[in-house]
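Descriptive structure summary
So the chains spell out like this:
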Amino acid sequence: MRSFSTGIERAAAEMVGVFRAIRVARLEAGVVRRFIEQGRQEAGLETEDVTVTPEAMGRLMSHPWPGNVRELKNVILRALVMADGPTLAPEHVQFSLAA
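All values derive from a computational prediction rather than experimental measurement. Residue indices begin from 1 for each chain and proceed along its sequence in written order. Local features in this predicted model are restricted to residues whose pLDDT is 70 or higher, and side-chain atom pairs enter the listing and the counts only when it is 80 or higher, whereas totals over whole chains, interfaces and linings include all residues. Based on all heavy atoms of the structure, the side-chain values leave hydrogens and waters out of the count.

Comments concerning the side chain of T53
Filter applied, for reference: Strands are runs of DSSP state E lasting at least 2 residues, helices are runs of H or I lasting at least 4, and numbering of each runs from the N terminus. Burial here depends on accessible area, computed with a 1.4 Å probe over protein chains only, as a share of the maximum for the residue type. Under 20% is buried, over 50% is exposed, and the range in between is partly exposed. Under the rule applied, a polar contact is a pair of N or O atoms within 3.5 Å (in protein, one hydrogen donor and one hydrogen acceptor; residues adjacent in sequence only if both atoms are side-chain atoms).
For T53, the location among the structural elements is in the loop between β1 (51–52) and α3 (54–62). Residue classification places T53 among the buried positions, given a relative accessible area of 16%. There is a polar contact of 3.1 Å between the side chain of T53 and the backbone nitrogen of A56.

Here it is in structure tokens:
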């Protein structure tokens, strides 16, 4: 049986790793995939295989991410909701509500 503090420490270490991945010059595609899976579950989407076009991934990778992990999660969740199918295209990746 794992202790509660060990679980928290592991989760905190994972979030620090994710935060570092966002702050580096190039966002790791694995982080994006993880957040897509989390967002898909949060939104209750039944589609299991979500595809990200190279152009949409390029938008995500080139954004400076001045916010935090929550900003990335929100952008991905919004893209999943806006997409009318299992493919995220550049028009689904919006960095602000005014975009």
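Considering the packing of helix α2 (residues 29–43) against helix α4 (residues 69–82)
Relative placement of two packed helices is described by the angle separating their axes and the distance separating the axes. Put simply, the rule is: Axis definition: a line fitted to C-alpha atoms, over the contacting stretch in the case of helices. Angles run 0 to 180 degrees between N-to-C directions. In these notes the angle categories are as follows: under 35 degrees is roughly parallel, over 145 is roughly antiparallel, 65 to 115 is roughly perpendicular, and the rest is oblique. With the far helix as reference, a near helix turned anticlockwise by less than a right angle produces a left-handed crossing, and one turned clockwise produces a right-handed crossing. It only takes one pair of heavy atoms within 4.5 Å for two residues to be counted as in contact.
Running from N to C, α2 and α4 point in directions that differ by 60 degrees, and their axes come no closer than 9 Å. It follows that α2 is oblique to α4 by the angle criterion. Between α2 and α4 the crossing geometry is right-handed. Across from V31, V32, F35, I36, Q38, G39, R40, E42 and A43 in α2, the residues of α4 making contact are V69, L72, K73, I76, L77, L80 and V81.

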